[in-house]
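# Residue-level structural notes
Listed below are the residues making up each chain.
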Amino acid sequence: MVEWANSTLNPPERILMGPGPSLIPPRVYRAMSAPVLGYMDPLFHGIMDDVKSLLRRAFNTSNDMCFPISGTGSAGMETAVCNSLEPGDHAIVLINGFYGDRIAEMARRVGAEVTTVEAPWGTAFDPSVVKNALNNHRQTKVVAMVHGETSTGVVQPMDEIGKMVKEHDALLILDTVTSLTGYPLDLDGWGVDFCYSGTQKCLNAPPGLSPISISPRGIDAISQRRSPVVNWYLDVSLIMNYWDQGRAYHHTPPISMIYALREALAIAEEEGLPSRFERHARNASALQAGLEALGLELFVKDPAHRLPSLTTALVPEGVNDAQLRSALLNEYNIEIGGGQGPMAGKLWRVGLMGYSSHPRNLLALLAALHDLLNRQGFRADGPGAVAVATRVLTGG
Ligand SMILES: *Cc1c(COP(=O)(O)O)cnc(C)c1O
């Protein structure tokens, strides 16, 4: 018999270096244990206003409409898709990994006509590909894409693509789930109309909210819809009435998660986004140099397209992925991610997200990998890898 009634839930403190959730700072845990306020309490409304302003700064936008959707990153994705598209509308979805595919699937379910444009996993899109797609489909209402592909570790340059989408007068949806506060964003400059993210990646709160930001053009498009949003729970025109001064009840907001988000955003604000981006870039470079010194091959060949919050390396020939990651978890208490879709069993995904992006974590991983790779007969130069990473960290 399981003695659940008399036992305390006691999960171990893992070193979370996978694709999310990431490590959570004690300050965020403490915020979550604060007393729950009612959703019509003026004190809670003050916290909501703080979250909106802090989100505006984190997203680096002048958009008034920045608030969290109650649900994980995929709920933000669904919000962007089902509020911008109606049955029969045309959408172009760019796919160079697992999450682009999910956007396309959601758009089809809304009843949109979807054209997908693909690039090989591990590469970014050439802007000319997007230009051709837009020229071939002039009726396009929405272009949707992922900024930081967590399945591959690619970050997509946005300047030129943003301009093209604007010239065609289409709306732009951008997934910043793994880039928000880990990589510079310029939503206004790129012309992003619907942007969504998640709390459990570079923000270091538990999974459960999806911060979104909608441009004035996006709000206009919503107000001109011919049909109501199919998904009542994610209908922005209804949710807005609670997040603006009207405070009209729509659904009970997850109060403790909003505390967590508030604290996570305050931590990012206190560090300063430029320092935070620099820290992510430095630690990612050290990790990447260390992995290469171990004899591993990085998946993203172009250094300019490597996402600092998520590094990918190929599982070497003859090494058992499942066995290695299970030993890493059980013996070293370290979690990293495996490959998704076509890359299952072939790829390791290492997250250095926000609070997780720290020298102590990446050095521990390099040392552990050295041991575990050697045990599987892969001759890795471990002490060399730690030394190489340390040199990058100290700017040597
Ligand atoms: C994690 C992730 C999502 C999905 O978020 P969930 O919180 O798992 O629903 C979407 N897009 C990207 C790029 C992600 O990394």
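Refer to the structure presented above.
Along each chain, residue indices are assigned from 1 in the same order as the chain's sequence is written. Whole-chain, interface and lining totals are the exception, using all residues; otherwise, since this is a predicted model, local features are given only for residues with pLDDT of at least 70 and side-chain atom pairs are given and counted only at 80 or more. The basis for every side-chain value is the complete set of heavy atoms in the structure, and neither hydrogens nor water enter the calculation.

### Some details on the sheet that holds strand E13 (residues 337-338)
Pairing in this open sheet of 3 strands is antiparallel, and the strands run E11-E14-E13 from one edge to the other. Every other strand in the sheet has two partners, leaving strand E11 (310-314) and E13 as the edge strands with one partner each. Relative to strand E14 (residues 347-351), E11 is paired through 5 bridges, and the arrangement is antiparallel. Bridging from a neighbouring strand, threonine 312 pairs with arginine 349 of E14. Whether two residues are in contact is decided by their heavy atoms, any of which lying within 4.5 Å being enough. Working convention: axes come from line fits to C-alpha atoms, limited for helices to the stretch in contact. Angles between N-to-C directions cover 0 to 180 degrees. Each helix corresponds to a stretch of at least 4 residues labelled H or I by DSSP, and each strand to a stretch of at least 2 residues labelled E; elements are numbered beginning at the N terminus. Sheet strands in contact with helix H11 (residues 273-293) are E11 and E14, and its direction is about 10° off that of E11. Two strands are counted as paired when DSSP detects at least two bridges linking them.

### Here we look at the side chain of serine 356
Counting through the fold element by element, serine 356 comes out in the loop between E14 and helix H13 (359-375). In this structure the side chain of serine 356 is engaged in a polar contact, spanning 2.9 Å, whose partner is the backbone nitrogen of leucine 23. Pairing of N or O atoms within 3.5 Å defines a polar contact, subject to two protein rules: one partner must be a possible hydrogen donor and the other a possible acceptor, and residues neighboring in sequence count only if both atoms are side-chain atoms.

### Digging into unusual backbone geometry
With an omega of 5°, the peptide bond running from glycine 20 to proline 21 counts as cis. Non-glycine residue arginine 247 carries a positive phi angle of around 55°. Relative to the assigned elements, arginine 247 resides in the loop between helix H9 (236-243) and helix H10 (255-271). Summary of the burial criterion: residues with accessible area below 20% of their type's maximum are buried, those above 50% are exposed, and those between are partly exposed, where the area comes from a 1.4 Å probe applied to protein chains only. Under the relative-accessibility criterion, arginine 247 is labelled buried at 7%.

### Topic: the pairing of strand E3 (residues 90-95)
Taking burial as the measure, the 6 residues of E3 include 6 buried ones, the bulk of the element. Residue alternation in E3 divides its side chains into two sets, His90, Ile92 and Leu94 and Ala91, Val93 and Ile95, and both sets are buried. Where E3 lies against strand E4 (residues 113-118), 6 bridges are found, and the strand directions are parallel. From the neighbouring strand, leucine 94 faces E4, where its bridge partner is valine 117. With helix H4 (residues 98-110) bridging E3 and its parallel neighbour E4, the resulting β-α-β unit is right-handed. Direction of pairing for E3 relative to strand E5 (residues 142-146): parallel, over a ladder of 3 bridges. For valine 93, the partnering residue across the bridge sits in E5 and is alanine 144. By definition, the crossover connecting two strands over a helix is right-handed if that path, from the first strand to the second, turns clockwise as seen with the strands pointing away from the viewer.

### Comments concerning the site of the ligand
Proximity criterion: a residue is near a molecule or strand once any of its heavy atoms comes within 4 Å of it. Surrounding the ligand, one finds 13 residues, the nearest of these being Thr72, Ser74, Thr150, Asp175 and Lys201. Here threonine 150 contributes a side-chain N or O atom positioned 2.3 Å from an oxygen atom of the ligand. Contact between the ligand and aspartate 175: a nitrogen atom at 2.7 Å from a side-chain N or O atom of the residue. Calculation on the ligand without its partners gives an accessible area of 380 Å², and the protein chains cover 91% of this total. Whether a set of points on the 1 Å grid over the protein atoms alone is a cavity depends on a 1.4 Å probe fitting there but being unable to get out, while an open set qualifies as a pocket with protein on both sides within 12 Å along at least five of seven lines; lining residues are those with an atom within 4 Å of a point. Any molecule with more than half of its atoms within 2 Å of a cavity's or pocket's grid points is counted as sitting in it. For the ligand, the cavity whose grid points lie within 2 Å of the majority of its atoms is the second largest pocket. At 3 residues, the largest contribution of residues to the shell around the ligand is made by helix H3 (residues 73-84). Put simply, Ala, Val, Leu, Ile, Met, Phe, Trp, Tyr, Cys and Pro go in the nonpolar bin, Asp, Glu, Lys and Arg in the charged bin, and everything else, Gly too, in the polar bin. Of the residues that constitute the shell around the ligand, the class distribution is 4 nonpolar, 7 polar and 2 charged. Values of accessible area rely on a 1.4 Å probe in the Shrake-Rupley scheme; residue burial ignores everything except the protein chains shown.

### Quick look at the sheet that holds E5
The strand order E2-E10-E9-E8-E5-E3-E4 describes an open sheet built from 7 strands, whose pairing is mixed. Each end of this open sheet is capped by a strand with a single partner; those strands are strand E2 (65-70) and E4. Neighbour to neighbour, the strand axes of the sheet diverge by 20° on average, direction disregarded. Strands E3, E4, E5, strand E8 (171-175) and strand E9 (194-196) of the sheet are contacted by H4, whose axis makes an angle of about 160° with E3. Against the sheet, helix H5 (residues 127-136) touches E3, E4 and E5, its axis set at about 160° to E3.

### Things to note about the pairing of E5
Along E5, 5 of the 5 residues are buried, which leaves the element largely enclosed by surrounding structure. Because side chains alternate across E5, one face comprises the buried residues Val142, Ala144 and Val146, and the other comprises Val143 and Met145, equally buried. Note that E5 and E8 share 5 bridges and pair parallel. Looking across to E8, one finds that valine 143 is bridged to leucine 172.

### Some words on the layout of surface pockets
Grid points are joined across faces, edges and corners, and a volume is the space filled by probe spheres set on the points. There is about 350 Å³ of room inside the largest pocket. Taken together, 17 residues make up the lining of the largest pocket; nearest its centre are Glu13, Arg14, Leu23, Ile24 and Tyr29. Mapped by element, the contributors of at least two residues to the lining of the largest pocket are strand E1 (15-16), helix H1 (26-32) and H13. When the residues that make up the lining of the largest pocket are grouped by side-chain class, the tally is 12 nonpolar, 2 polar and 3 charged. An automatic or database domain assignment provides the domain bounds reported here. Taken domain by domain, the makeup of the lining of the largest pocket includes at least three residues from each of domain 1 (26-269) and domain 2 (273-394). One number sums up the size of the second largest pocket: a volume of about 180 Å³. Ser74, Tyr99, Val177, Gln200 and Lys201 are, among the 17 residues lining the second largest pocket, the residues nearest its centre. Going through the elements one at a time, H3 and H4 are the ones with two or more residues in the lining of the second largest pocket. Among the elements that make up the lining of the second largest pocket, the one with the highest residue count is H3 (3 residues).

### Focus: empty space enclosed by the protein
According to the stated counting rule, one finds 2 cavities of 30 Å³ or more in the structure shown. Every residue lining the largest cavity is listed: Pro68, Ser70, Leu209, Ile239, Tyr242, Trp243, His250, His251, Pro253, Pro254 and Ile258. Mapped by element, the contributors of at least two residues to the lining of the largest cavity are E2 and H9. Top contributing element to the lining of the largest cavity by residue count: H9, with 3 residues. Residue composition of the lining of the largest cavity, by class: 8 nonpolar, 3 polar and no charged. Volume-wise, the second largest cavity comes out at about 40 Å³. Around the second largest cavity, the lining residues are Gly153, Gln288, Leu298, Val300, Arg306, Leu307, Leu310, Thr311 and Thr312. With 3 residues, the single largest contributor to the lining of the second largest cavity is E11. Tallied by class, the residues present in the lining of the second largest cavity amount to 4 nonpolar, 4 polar and 1 charged.

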